[in-house]
Amino acid sequence: MLSLCFISACSTGDTEDGFTVDYVQYELDNGLKVILHQDSSDPIVAMATVVHVGSNREKPGRTGFAHFFEHMSFNDSENVPKGANRKMIPELGGTRNGGTWSDGTIYYEVVPKDAFDKLLWIDSDRLGYMINTVDQGTLEREKQVVKNEKRQRVDNRAYGHTGHVIKKSLYPSSHPYNWTVIGDLEDLQAATLADVKEFYDTYYVPSNATLVIAGDIDIEETKQKVERWFGEIKAGKPVEPMKPMPVTLKESKKLYHIDNFAKLPEIRLTFPTVEQYHEDAYALDALGSLLSSGKNSALYKVIVEQNKQAPGVSSYHRAEEIAGTFTVRVRANSGVKLDDVYKAILSALDTFAVEGFTDDQLTKIKAQSETSFYYAIESILDKALQLGIYNEYAGSPDFIKQDIANITAVSREDIMRVFEKYVHNKPAIITSFVPKGGIDLIVSDSLKAPVVEEEIKQNAEQKFVENDEVVFEKTETKHDRSEPPLTELPALSIPLVWESSTANGMRVLGIEQTELPLVNFSITIEGGQAFDKPDKLGTAFLMAQLMNEGTANKTPQQLEEAIGLLGASLRISSGKESVVIRGNALAKNFEATLALVNEMIMQPRWDKAEFERLKSRRLTSIQQSKGNANSIASQAFLKQLYGEEHLGGQATGGKAATVAAITLDDLKAYYKNYLTPKNASFHIVGDVKQSQVEKGLSQLSAWQGEKIALPTQPSITNVKKPKLYFIDLPNAKQSVIYVGKASVAGDDKYFYPIQFANMRLGGGISARLAQTLRIEKGYTYGAYSYLPATGYQSPFIASSQVRTNVTLESLEVFKDLIGNYRATFTEEDLSVARNMTIKSNARRFETLNSLLRMLETISSFDKDKNYIEQEQNFVMNAKLVDMHNAIDSFLAEQEMIYLVVGDAATQLSRMESLGYGKPILLDTDGNKL
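Residues numbered from 1 in each chain as written. Predicted model: local features only at pLDDT ≥ 70, side-chain atom pairs only at ≥ 80, totals over all residues. Heavy atoms only, no water.

Re the overall build of the protein chain
Across its full length, the protein chain carries 32 helices and 25 strands. For 929 residues, the compact-globule estimate of 2.2 N^0.38 gives 30 Å, and the protein chain sits close to it at 28 Å. Over its C-alpha atoms, taken along the principal directions, the protein chain stretches across nearly 75 × 70 × 65 Å. Taken over 929 residues, the protein chain has a buried fraction of 61%. Within the protein chain, contacts between residues separated by at least 24 positions form 82% of all contacts whose residues are at least 6 apart in sequence. If you sum the accessible surface of the protein chain, you get close to 35600 Å²; carbon and sulfur atoms cover 49% of it. Treating the 102 positive side-chain charges of the protein chain as one cloud and the 122 negative ones as another, the clouds have centres 5 Å apart. (Helix = DSSP H or I, 4+ residues; strand = E, 2+ residues; numbered from the N terminus. Rg over C-alpha atoms; globule rule 2.2 N^0.38 Å. Buried < 20%, exposed > 50% of the residue type's maximum accessible area, 1.4 Å probe, protein only. Contact = heavy atoms within 4.5 Å. Areas by Shrake-Rupley, 256 points an atom, 1.4 Å probe, with all protein chains shown as cover. Lys, Arg positive; Asp, Glu negative; His and termini not counted. Charge placed at Lys NZ, Arg CZ, Asp CG, Glu CD.)

This is how it looks when you write it as structure tokens:
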């Protein structure tokens, strides 16, 4: 056995207020850096492997390779069965994923503690023993998956090519940031097995990675396990660290792109800056917030408030390993010329140079940074990720102390210095992305950006055949690398829920959780859009938005500042069935935060100018959604399923015609008639006792009102034979598919059995839809089915975004898998679903938000406080016949409708072959043509 070489026995990353993150740090003889953090608050274990290789290590002509290799790493390895890397962890009740950015790749999982040994087995096999199993079929399949991801995230999305255009213009062709992380399609297609093996041998070596294990572990026992599973991995050659490579611009470059999916003109100014952890990076971060965050910010006051050129503006700094950028982004209102917006940006920056900012603005940013810091390490996985990234990129997990110190040490002089050094009157990359027909909106003297649009042809993709019996030479190891057994599963432990009520009739539910000095809370007021008049849908939405914009005693700017100075967050919003007030704060500021909640509820400002601004922003948002294929599909699907007379078929927040008709008096009337505490429930989780909560809520005693019954929604009868709808989105690179039907309400006794029955159809990567459409066929990046809980008949939805030229083939997969689901659902499916559900409960109560959602579910659907235990009892006792009955009764494919949003020119003529007649054509609003 290799001996352990200790760098440090034990360290503590602590903050100024004494909160600590204890860890043990050491290094194996093969160079793997290991960090262990013990946290027994939940019976779970998180593991993160940070590999110090991102797209910045790629070669020109082989771009996108780091991300591609991340995908490849989730396939086979020498000792783990084929497909298990993706399927096993979800089926053990865990969650897993990976991510790649310009500078690194990370793999992470969270499992119940009984599966810890299996996680060590899987992760170590991926790091040290996967490359021999890669064959041509696997390579070609994963190419299709990654290309589908690019189409979904870049090619088929408004403004998706912006990053590509900026990088190509800002960085020289030899610079490692000249290309995007996902790379170019032609480079991905050209990847060979030799490329894969070279990349692995060069960068996937232990000394180029940090392994972090956090959770309910025994430190000494875990050291032995890490040695057993990771200690025999070949060391490999050390990887030379990259040095900073900041760039400069001699003059500004202006480029434009006519965006097939954009509905609004957008301008970005991108300035070159410095690498991460550089002393100037912290001041640039603060500068980004000061310039655009809040109503007192320089850019907001000029562009949004004075000129009314856009509904919002953003500015931010992004520091990466070897260089950084500072960005100003404005997505303007329809028809606004970007020349005018550009001039307004420059004017605002000139004003900032003279006037600067107030002490309160800087104090607010620091207070919010403190709160954000705690939320960044809230979960066990969060801690693992942060410790690993600090160790790999800042040289030590102890940098957690220096990082927060650097953030809080930023001064006024630092901010103004970096503003003048990197931003004010400095050259930038200036991009104009405009809708089709909007060439007159671009910034003057802009050149056409070099964007290559993919042409997707029928039957043009390279076919692949995977070999289930890949022959490879197995690596000899001293230790047995066969699958380890599970250990004992911890018993389900549900957090204690306390309940009370206020004198004005509001139900109160709470959970005390003391690990972090934080509180999360919400007030759910039944009603929402359900109380809107049919010709003025969006009234509740706008009323909720306007209630955030000041109070009778505070201007919008003053309210925003009061919230920020507490390091808190407060937001009122409205959905289809409720108005919700959400907040979080440092525990020490809970009562002061509630005082602001009371002021917002009891003394709305009803500012006319803010109302007009919010109404304009809502109309702009509606228009912008017309360029999002998934938004078009989702709304049109629900409209066909429910009809517009039903709440379920209405667009949340209204449509353009109904929003345009809303007046300020409509908002006041809604507030007066429907905002009542007797329709409300208060939920709170965090470091606060019941007595403190009840004392704080006494501030809301003046809020009065009677119980109001919700309107009853019409009963929906599903179709007797499937219908197929089609919406044309010209030149779409992917087709969005929705399939489904109306089911039962969230409080119905059959709701949970249907959810449970669906797990093996579309409940994650290991279920039938994803395994077939992504893993087997390579048609998509993801495919799922789900049943969101609503107060009316909830929709069952199966959906995916697939490559355009396999639209029909994908529809046939949905038809087959859903139609034959009952016939193929076996005892093994029931066992797997049962195991996934029971074990996943171990990580169900880890974060404040997950606990808050539990309380909200109890109040929204009138469930018992131990409803999770009741659901688990159902799962443990469910029989195969129960699942078959649920599928027959509620998931019948012949009662479902199908909807496709895609390129009619190439796909419409193929749709009739599905066997459900000629497709019914709809416009992008879901109206029949």
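Examining the confidence of the model for the protein chain
Chain-level pLDDT for the protein chain is 92 on average; 97% of the residues reach the 70-or-more range. In this model, residues 1-18 is a region of pLDDT below 50 whose contacts with residues beyond four sequence positions or in other chains number 50 contacts. (pLDDT = per-residue confidence, 0-100.)

With respect to the packing of helix α1 (residues 65-73) against helix α7 (residues 193-203)
Here α1 crosses α7 at 90 degrees, and the two axes come no closer than 11 Å. For the element pair α1 / α7, the angle class is roughly perpendicular. Across the interface between the two elements, Phe-65, Ala-66, Phe-68 and Phe-69 from α1 touch Asp-195, Val-196, Phe-199 and Tyr-200 from α7. (Axes fitted to C-alpha atoms, helices over the stretch in contact; angles between N-to-C directions. Parallel < 35°, antiparallel > 145°, perpendicular 65-115°, else oblique.)

Quick notes on empty space enclosed by the protein
With the rule as written, the count across this model stands at four cavities of 30 Å³ or more. Approximately 70 Å³ is the volume found for the largest cavity. Lining the largest cavity, in full, are Thr-49, Val-51, Ser-73, Tyr-107, Asp-123, Arg-126, Leu-127, Tyr-204 and Phe-230. Elements represented by at least two residues in the lining of the largest cavity include exactly β4 (44-51) and α3 (116-128). With three residues, α3 is the largest single contributor of residues to the lining of the largest cavity. Looking at side-chain class alone, the lining of the largest cavity contains five nonpolar, two polar and two charged residues. Roughly 60 Å³ of internal volume is contained in the second largest cavity. If you go around the second largest cavity, the residues you meet are Ser-289, Leu-290, Ser-293, Asn-296, Gln-361, Lys-364, Ile-365, Glu-560 and Glu-561. (1 Å grid on protein atoms, 1.4 Å probe; cavity = no way out; pocket = protein on both sides within 12 Å on 5 of 7 lines; lining within 4 Å. Points joined across faces, edges and corners; volume = space filled by probe spheres on them. Nonpolar A, V, L, I, M, F, W, Y, C, P; charged D, E, K, R; others polar.)

Structural notes on the sheet that holds strand β17 (residues 569-574)
Strand order in the open sheet made by the six strands is β14-β15-β19-β16-β18-β17, with mixed pairing throughout. Of all the strands in the sheet, just β14 (498-501) and β17 have a single pairing partner and so form its edges. This sheet shows a mean twist of 15 degrees between the axes of neighbouring strands, independent of strand direction. Direction of pairing for β14 relative to strand β15 (residues 507-512): antiparallel, over a ladder of four bridges. If you follow Trp-498 over to β15, its bridge partner there is Gly-510. (Pairing = 2+ DSSP bridges.)

Side note on the nonpolar core
Within the largest apolar cluster, 91 residues are counted, with the highest numbers of intra-cluster contacts made by Ile-267, Leu-269, Leu-287, Ile-345 and Ile-415. Counting residues in each nonpolar core, the second largest holds 55 residues, with Leu-36, Met-47, Ala-84 and Ile-89 among its members. (Core = buried A, V, L, I, M, F, W, Y, C linked by side-chain atoms within 4.5 Å.)

Section: the pairing of β15
Where β14 folds back onto β15 in an antiparallel hairpin, the turn is made up of five residues, including Gly-505, whose phi is positive at roughly 100 degrees. Where β15 meets strand β19 (residues 680-686), six bridges bridge the pair, whose relative direction is parallel. Across the sheet, Glu-512 pairs through a bridge with Gly-686, a residue of β19.

Observations regarding the layout of surface pockets
Its boundaries defined by the atoms lining it, the second largest pocket holds a volume of some 1100 Å³. Together, 32 residues line the second largest pocket, and Tyr-282, Asp-285, Tyr-390, Asp-403 and Ile-407 are the ones closest to its centre. Going through the elements one at a time, α9 (279-292), β10 (314-319), α12 (359-376), α13 (380-394) and α14 (399-408) are the ones with two or more residues in the lining of the second largest pocket. Tallying contributions element by element places α12 first for the lining of the second largest pocket, with eight residues.

Examining the pattern of salt bridges
Taken as a whole and assessed by the stated rule, the structure comprises 53 salt bridges. For Glu-266, the salt bridge identified is with Arg-329, shortest N-O distance 3.5 Å. With Glu-266 in strand β9 (residues 266-272) and Arg-329 in strand β11 (residues 324-331), this residue pair connects regions lying 63 residues apart in the sequence. With relative accessibility at 2%, the residue Glu-266 sits in the buried group. Looking at Arg-329, the relative accessible area reads 24%, which means it is partly exposed. Glu-644 serves as the salt-bridge partner of Lys-655, at 3.0 Å between the closest nitrogen and oxygen. In this pair, Lys-655 sits in the loop between α20 (629-642) and α21 (656-660) while Glu-644 sits in the loop between α20 and α21, placing the two residues eleven residues apart along the sequence. For Glu-644, a relative accessible area of 37% gives the class partly exposed. (Salt bridge = Lys/Arg side-chain N within 4 Å of Asp/Glu carboxyl O.)

Describing the packing of aromatic side chains
Per the stated rule, a full pass over the model turns up 28 aromatic pairs. Their ring planes at 55 degrees and their centres at 5.2 Å tell us that Phe-199 and Tyr-203 sit as a pair that is tilted. Residue Phe-199 and its partner Tyr-203 are located together in helix α7, separated by four residues, close to a single helical turn. Centre to centre, the rings of Phe-637 and Tyr-738 are 5.5 Å apart; their planes meet at 50 degrees, and the pair counts as tilted. Remark: Tyr-738 occurs in strand β21 (residues 734-742) and Phe-637 occurs in helix α20; sequence separation between them is 101 residues. Across the pair, exposure class does not vary: Phe-637 and Tyr-738 are buried alike. (Phe/Tyr/Trp six-rings, centres within 6.5 Å; stacked < 30°, edge-to-face > 60°.)

Some thoughts on unusual backbone geometry
Positive phi outside glycine occurs at Asn-731, with the angle close to 65 degrees. Despite not being glycine, Asp-862 has its phi angle at roughly 50 degrees, a positive value. For Asp-862, a relative accessible area of 63% corresponds to the exposed category.

A word on the side chain of Asn-75
Among the secondary structure elements, Asn-75 is positioned in the loop between α1 and α2 (84-91). Apart from the residues within four sequence positions on either side, Asn-75 is in contact with Asn-85, Arg-86, Thr-138, Arg-141 and Glu-142.

Examining the packing of α3 against helix α8 (residues 219-230)
Two elements in contact, α3 and α8, have axes whose closest approach is 9 Å; the angle formed by their N-to-C orientations is 35 degrees. Considering the relative orientation of α3 and α8, their crossing is right-handed. Where α3 abuts α8, its residues Phe-116, Asp-117, Leu-120, Trp-121, Asp-123, Ser-124 and Leu-127 lie against Thr-222, Lys-225, Val-226, Trp-229 and Phe-230. Looking at the contact of α3 with α8 residue by residue, the class counts come to seven nonpolar, two polar and three charged. (Left-handed = near helix turned anticlockwise from the far one by under 90°.)

Quick notes on α9
Counting buried residues in α9 gives eleven out of 14 residues, a clear majority hidden from the surface. Along α9, the residues that are buried comprise Asp-280, Ala-281, Tyr-282, Ala-283, Leu-284, Ala-286, Leu-287, Gly-288, Leu-290, Leu-291 and Ser-292. Note on α9: the residue one or two positions beyond its end, Gly-294, has a positive phi of about 100 degrees.

A closer look at the sheet that holds strand β13 (residues 447-448)
Across the sheet, six strands lie side by side as β10-β11-β9-β12-β8-β13; this open sheet has mixed pairing. In this open sheet, the two edge strands, each paired with only one partner strand, are β10 and β13. Relative to β11, β10 runs antiparallel, the two sharing six bridges. Across the sheet, Ser-315 pairs through a bridge with Val-328, a residue of β11. Helix-sheet contacts for helix α11 (residues 338-355) involve β8 (253-259), β9, β11 and β12 (429-435), and the interaxial angle to β9 is about 40 degrees.

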